[in-house]
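# Fold and geometry: a report
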Amino acid sequence: MMGQRLPENTDVEKVIEACSDMVYRLAFARTGTKQDADDVYQEVFLRYLKKRPVFESEEHRKAWMLRVTINCSNSFLSSRWHRDRTELPEDLPFEEKRQQDLYMELQQLPVKYRDVIHLFYYEELSVEEIGKALRRKPSTVRTQLTRAREMLRRFMKEEDYEF
């Protein structure tokens, strides 16, 4: 399908349905709260509706959505409104305590490490795809993945988590 253009009249609802989970998960991973992720999610699809980009392939569409989600998250995180907010409550709604513990540990990572962990494990992107999405060299992505894993191991040891 590489190089083949997608139909220009691709149904908007189908695009949103196809990319919805991926965009929301990445927005949540980057912002840390449901409300903030909702804001970023809406902004991403608003930009999609305004620009109506034409994609050459499914991979191109996925890369565009990831890039726009990252950009919208960055804008949101650097906004004055975001900087003046309060911290998350400790009683987050997770199905299991392990999920909550892992979420809290991931939130301790710097954003650059959180991004690569999320894209690698949750979006199942290759190192090369992550590099393209984040505009980083594959070697940088590999280094950041290694460092992020090590930081998570240290955090979990300090807290004595059993995963």
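All values reported here derive from a predicted model rather than from experimental measurement.

## Digging into the packing of aromatic side chains
Going through the model one piece at a time under the given rule, you end up with seven aromatic pairs. What links up through ring pairs into an aromatic cluster is the set Tyr24, Phe28, Tyr41 and Phe45. The ring of Phe120 has Arg149 sitting right over it, with the charged end atom 5.3 Å from the ring centre.

## Focus: the pattern of salt bridges
Using the criterion set out here, one finds seven salt bridges in the structure. Where Lys34 meets Asp38, a salt bridge forms, and the shortest distance between an N and an O atom there is 3.2 Å. Linking Lys34 with Asp38, this pair stays in helix α2 (residues 34-51), spanning four residues, or about one helical turn. The class for Lys34 is partly exposed, based on a relative accessible area of 48%. With a shortest N-O distance of 2.3 Å, Arg61 and Glu58 are connected by a salt bridge. With Arg61 and Glu58 both in helix α3 (residues 58-78), this residue pair falls three residues apart, about one helical turn. Since its relative accessible area comes to 9%, Arg61 is described here as buried. Look at Glu58 and you get partly exposed, because its relative accessible area is 32%.

## Comments concerning the environment of Val12
Turning to its location among the elements, Val12 is positioned in helix α1 (residues 12-31). For Val12, a relative accessible area of 17% puts it in the buried group. Val12 sits 40 residues away from Arg52 along the chain, and the two C-alpha atoms are 9.0 Å apart.

## Concerning the nonpolar core
Membership of the largest hydrophobic core comes to 39 residues, with the highest contact counts inside it found for Met65 and Leu109. In terms of residue count, the dominant contributor to this core is α3 (eight residues). With residues near it in sequence (within four places) discarded, Leu109 still touches Arg114, Ile117, Ala148, Met151, Leu152 and Phe155.

## Re the confidence of the model for the chain
The share of residues in the chain with pLDDT of 70 or more is 78%, and the mean pLDDT across the chain is 82. Across residues 1-7, confidence stays below pLDDT 50; counting only partners more than four residues off in sequence or on other chains, it has 17 contacts.

About the criteria used
Residues numbered from 1 in each chain as written. Predicted model: local features only at pLDDT ≥ 70, side-chain atom pairs only at ≥ 80, totals over all residues. Heavy atoms only, no water. Phe/Tyr/Trp six-rings, centres within 6.5 Å; stacked < 30°, edge-to-face > 60°. Lys NZ or Arg CZ within 6 Å of the ring centre and 35° of its normal. Salt bridge = Lys/Arg side-chain N within 4 Å of Asp/Glu carboxyl O. Helix = DSSP H or I, 4+ residues; strand = E, 2+ residues; numbered from the N terminus. Buried < 20%, exposed > 50% of the residue type's maximum accessible area, 1.4 Å probe, protein only. Core = buried A, V, L, I, M, F, W, Y, C linked by side-chain atoms within 4.5 Å. Contact = heavy atoms within 4.5 Å. pLDDT = per-residue confidence, 0-100.

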